[in-house]
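Residue-level listing of the chains:
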Amino acid sequence: MTKELKNHITILLESGNADAAIKELEAYVSTSGNDDEAYLLLGNAYRKKENWEGALNSYSRAIEINHSSPAKDAYDMIIQILNFYDTDRYNV
């Protein structure tokens, strides 16, 4: 992934335009398949849309490509969020 593309995607995500980031990243990974950084960013974009399945799948792909990817931490964080429940709320 070029520095320019990474910066462009980062700007899209920071400005709340996750849909455009997803579209561009999906096009990019369809041709470059083995870019863990692109999959990490794609996972981040899906996470911003609260598309947990898309985020987990993207992070998983990044981890497959690079076992030391920061996507591992992001994946674990989402799993923790999805597994969390507040038992006190059930007693209200």
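Calculation rules
Residues numbered from 1 in each chain as written. Predicted model: local features only at pLDDT ≥ 70, side-chain atom pairs only at ≥ 80, totals over all residues. Heavy atoms only, no water. Salt bridge = Lys/Arg side-chain N within 4 Å of Asp/Glu carboxyl O. Helix = DSSP H or I, 4+ residues; strand = E, 2+ residues; numbered from the N terminus. Buried < 20%, exposed > 50% of the residue type's maximum accessible area, 1.4 Å probe, protein only. Contact = heavy atoms within 4.5 Å. Polar contact = N/O pair within 3.5 Å; in protein donor to acceptor, adjacent residues only side chain to side chain.

Can you help me understand the pattern of salt bridges in this one?
Counted according to the given criterion, the structure contains 4 salt bridges. Residue Lys49 pairs with Asp19 through a salt bridge whose shortest N-O separation is 3.0 Å. Of this pair, Lys49 sits in the loop between helix H3 (36–48) and helix H4 (52–65) while Asp19 is found in helix H2 (residues 18–32), placing the two residues 30 residues apart along the sequence. Lys49 sits in the partly exposed class, given a relative accessible area of 43%. The residue Arg61 makes a salt bridge to Glu64 at a minimum N-O spacing of 3.3 Å.

Just to check I follow, could you spell out the environment of Trp52 for this structure?
Note on placement: Trp52 falls in helix H4. Judged by its relative accessible area of 28%, Trp52 falls in the partly exposed class. Sequence separation between Trp52 and Ile79 is 27 residues; the distance between their C-alpha atoms is 9.2 Å. Residues contacting Trp52, with those up to four places away along its chain left out, are Arg47, Ile78 and Leu82.

Whenever I open this one, the side chain of Ser58 confuses me. Can you help?
Note that Ser58 resides in helix H4. Judged by relative accessible area, which is 5%, Ser58 ranks as buried. Here Gly54 takes part through its backbone oxygen, which lies 2.9 Å from a polar atom of the side chain of Ser58. Discounting chain neighbours no more than four positions away, the residues touching Ser58 are Tyr39, Leu42, Gly43 and Tyr46.

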